[in-house]
Amino acid sequence: MTVIDHTHRRDRSRLASIGMLLVVLALCVAPYVFYPVFLMKILCFAIFAIAFNLLLGYVGLLSFGHAAFFGAASYVTAHSIKVWGFSPELGILAGVASALVLGTLFGVLAIRRKGIYFAMITLAFSQAIYFIALQAPFTGGEDGIQSVPQGMLFGLIDLSKTLNLYYVVLVIFLLSMMFVWRVVHSPFGEILVALRENSVRVTSLGYRPDRFKLLAFILSAGLAGLAGSTKAIVFQLATLTDVQWQMSGEVVLMTVLGGMGTFLGPVVGAAIVITLESYFAGAGIPAPVAIGTIFVICVLMFKRGIVGELLARVRK
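Residues numbered from 1 in each chain as written. Predicted model: local features only at pLDDT ≥ 70, side-chain atom pairs only at ≥ 80, totals over all residues. Heavy atoms only, no water.

### Focus on the environment of Tyr 207
Part 1 of the reasoning: Inspection of the secondary structure assignment puts Tyr 207 in the loop between helix H8 (199-204) and helix H9 (209-235).
Part 2 of the reasoning: Sequence separation between Tyr 207 and Leu 195 is 12 residues; the distance between their C-alpha atoms is 9.9 Å. (Helix = DSSP H or I, 4+ residues; strand = E, 2+ residues; numbered from the N terminus.)

### As for the packing of aromatic side chains
Part 1 of the reasoning: A full pass over the atoms with the stated rule returns 11 aromatic pairs.
Part 2 of the reasoning: Between Phe 69 and Phe 217 the ring centres are 5.7 Å apart and the planes differ by 85°, which places this aromatic pair in the edge-to-face class. Of this pair, Phe 69 sits in helix H3 (residues 66-82) while Phe 217 sits in helix H9; the two residues are 148 residues apart in sequence, bridging distant segments of the chain. Accessibility assignment for this pair places Phe 69 and Phe 217 in one class, buried. (Phe/Tyr/Trp six-rings, centres within 6.5 Å; stacked < 30°, edge-to-face > 60°. Buried < 20%, exposed > 50% of the residue type's maximum accessible area, 1.4 Å probe, protein only.)

### Thoughts on a nonpolar patch on the surface
Part 1 of the reasoning: A contiguous nonpolar surface patch, about 530 Å² in accessible area, is contributed by Val 29, Tyr 32, Val 33, Phe 34 and Leu 163.
Part 2 of the reasoning: With respect to the helices, strands and loops of the structure, Leu 163 is situated in helix H6 (residues 162-184). (Patch = residues over 30% accessible without salt bridge, like charges linked within 9 Å, V, L, I, M, F, W, Y side chains within 5 Å. Areas by Shrake-Rupley, 256 points an atom, 1.4 Å probe, with all protein chains shown as cover. Salt bridge = Lys/Arg side-chain N within 4 Å of Asp/Glu carboxyl O.)

### A few points about the nonpolar core
Burial of nonpolar side chains together is a common tendency in soluble globular proteins.
Part 1 of the reasoning: With 91 residues, the main nonpolar core has Phe 45, Phe 48, Phe 69, Tyr 166 and Phe 173 as its most contacted residues.
Part 2 of the reasoning: Per element, the largest residue contribution to this core is 18 residues, and it comes from helix H2 (residues 36-59).
Part 3 of the reasoning: With residues up to four places along the chain from it excluded, the contact list for Phe 48 reads His 66, Ala 67, Phe 70, Ala 224, Ala 227, Met 247 and Val 251. (Core = buried A, V, L, I, M, F, W, Y, C linked by side-chain atoms within 4.5 Å. Contact = heavy atoms within 4.5 Å.)

### Notes on the layout of surface pockets
In this approach a probe as big as a water molecule rolls over the atoms, and the regions it shows empty are the leftover space.
Part 1 of the reasoning: Within this model, the second largest pocket holds a volume of roughly 540 Å³.
Part 2 of the reasoning: Lining the second largest pocket we find 23 residues, and of these Thr 241, Gln 246, Met 247, Glu 250 and Glu 277 sit closest to its centre.
Part 3 of the reasoning: Of all the secondary structure elements, the ones that give two or more residues to the lining of the second largest pocket are H2, H9, helix H10 (245-258), helix H11 (265-283) and helix H12 (287-301).
Part 4 of the reasoning: Sort the elements by how many residues they give to the lining of the second largest pocket and H10 lands first, with seven residues.
Part 5 of the reasoning: Per-class residue counts for the lining of the second largest pocket are 12 nonpolar, six polar and five charged. (1 Å grid on protein atoms, 1.4 Å probe; cavity = no way out; pocket = protein on both sides within 12 Å on 5 of 7 lines; lining within 4 Å. Points joined across faces, edges and corners; volume = space filled by probe spheres on them. Nonpolar A, V, L, I, M, F, W, Y, C, P; charged D, E, K, R; others polar.)

### Some points on the pattern of salt bridges
Working definition: two side chains of opposite charge can pair if their charged atoms are close together.
Part 1 of the reasoning: Counted under the stated rule, the structure contains two salt bridges.
Part 2 of the reasoning: The partner of Arg 112 in a salt bridge is Asp 210, and the shortest N-O contact between them spans 3.4 Å. Of the two residues, Arg 112 is situated in the loop between helix H4 (88-110) and helix H5 (115-135) and Asp 210 in helix H9; the sequence distance between them amounts to 98 residues.
Part 3 of the reasoning: A relative accessible area of 60% means that Arg 112 is categorised as exposed.
Part 4 of the reasoning: Note that Asp 242 and Lys 231 form a salt bridge whose closest N and O atoms lie 2.8 Å from each other. On the criterion of sequence distance, the pair formed by Asp 242 in the loop between H9 and H10 and Lys 231 in helix H9 is long-range, its members being 11 residues apart.

### Regarding the packing of H3 against H9
Each pair of packed helices gets described by two things: the angle between the helix axes and the distance between those axes.
Part 1 of the reasoning: Running from amino to carboxyl end, H3 crosses H9 at an angle of 45°, the nearest separation of the two axes being 7 Å. Classified by the interaxial angle, the pair formed by H3 and H9 is oblique. Handedness of the crossing formed by H3 with H9: right-handed. Two secondary-structure elements touch here, H3 through His 66, Phe 69, Phe 70, Ala 73, Ser 74, Thr 77 and Ile 81 and H9 through Phe 217, Ser 220, Ala 221, Ala 224, Gly 225, Ala 227, Gly 228, Ser 229, Lys 231, Ala 232 and Ile 233.
Part 2 of the reasoning: Classifying every residue of the contact of H3 with H9 gives 10 nonpolar, seven polar and one charged. (Axes fitted to C-alpha atoms, helices over the stretch in contact; angles between N-to-C directions. Parallel < 35°, antiparallel > 145°, perpendicular 65-115°, else oblique. Left-handed = near helix turned anticlockwise from the far one by under 90°.)

### What about H5?
Part 1 of the reasoning: Its 21 residues place the ends of H5 31 Å apart at the C-alpha level, agreeing with the 30 Å of an ideal helix rising 1.5 Å per residue.
Part 2 of the reasoning: Looking only at H5, the buried set comprises Phe 118, Ala 119, Thr 122, Ser 126, Ile 129, Tyr 130 and Ala 133. Buried residues of H5 fall within an arc of 115° about the axis and therefore sit on the same side. Residues of H5 that are exposed and angled more than 90 degrees away from the buried face: Tyr 117 and Gln 135.
Part 3 of the reasoning: Turning to H5, the residues buried within the fold contact H3, H4, H9 and H10. (Expected span 1.5 Å × (residues − 1). Arc of directions from axis to C-beta.)

### So, empty space enclosed by the protein
Part 1 of the reasoning: Under the criterion given, the structure shown has one cavity of 30 Å³ or more.
Part 2 of the reasoning: If you add up the space inside the largest cavity, you get close to 50 Å³.
Part 3 of the reasoning: What lines the largest cavity is Ile 92, Leu 159, Leu 165, Val 168, Val 169, Ile 172, Thr 230, Ile 233 and Val 234.
Part 4 of the reasoning: Listed by contribution, the elements that provide at least two residues to the lining of the largest cavity are H6 and H9.
Part 5 of the reasoning: Broken down by element, the residue count for the lining of the largest cavity peaks at four residues, all from H6.
Part 6 of the reasoning: Considering only residue class, the lining of the largest cavity consists of eight nonpolar, one polar and no charged.

What follows is the structure, given as structure tokens:
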């Protein structure tokens, strides 16, 4: 039985590797078939969704404040590139650093709370960032920061060329996926899952749950900041939309719809939500109403999310 199980695991791993290779190849060819800017939007929000899934899917912490990290990094990147003259890579680093700092501050204050109290505290912090973005002189108020130069990445790659920008965003997305995969499949990731299942037992083993939750919160905030920074360069702007509470709700929708706690679920959820938003906007149909209806139907039919249900059926 052990030999058979080992063989099955090896076969599944091989199939997963082949599947991921095919997905990467498809993404490399995709800009020649679909509109590259639309694809880049999906990739940016996919990074945001996998960042959120690291917290909700693997730790079990529901945050309603992730828009703060996404939006703050977007503003910092846009401002540092346009006003301070930073190169794109330094602008992204500045945005991610700001998200990590905010994640540390928010996490230290909120991580000791559980359930709805944790969610409400993160929402309150996010609203504070929203009002700062609305009132601060360097954010541009309701107009935001517009016409952000895309510049030359490392002084070599001209990001004003759409295909160059697409492949840079694709590399950022793939590196983010690899990072999350490594975190989830490390001893640290196993402790996070154990905390989600039974935090009391983890405490009895001598671990300090709050430390692991705080680190997961900070990592999730940093990845969300990476998504916001990348989005600011792609669309050359940072606006209040990036820090509104609706953005936090949208990433929750993406994660739950695709399948929280799964590796590809948030990516699938992000692709579906962004595609539906674009379709309904072009058709003149109120996107929130239509997407909300589809979400309710999918939750009723796929309680573990689309990818979660597919994986469950494959295992059976």
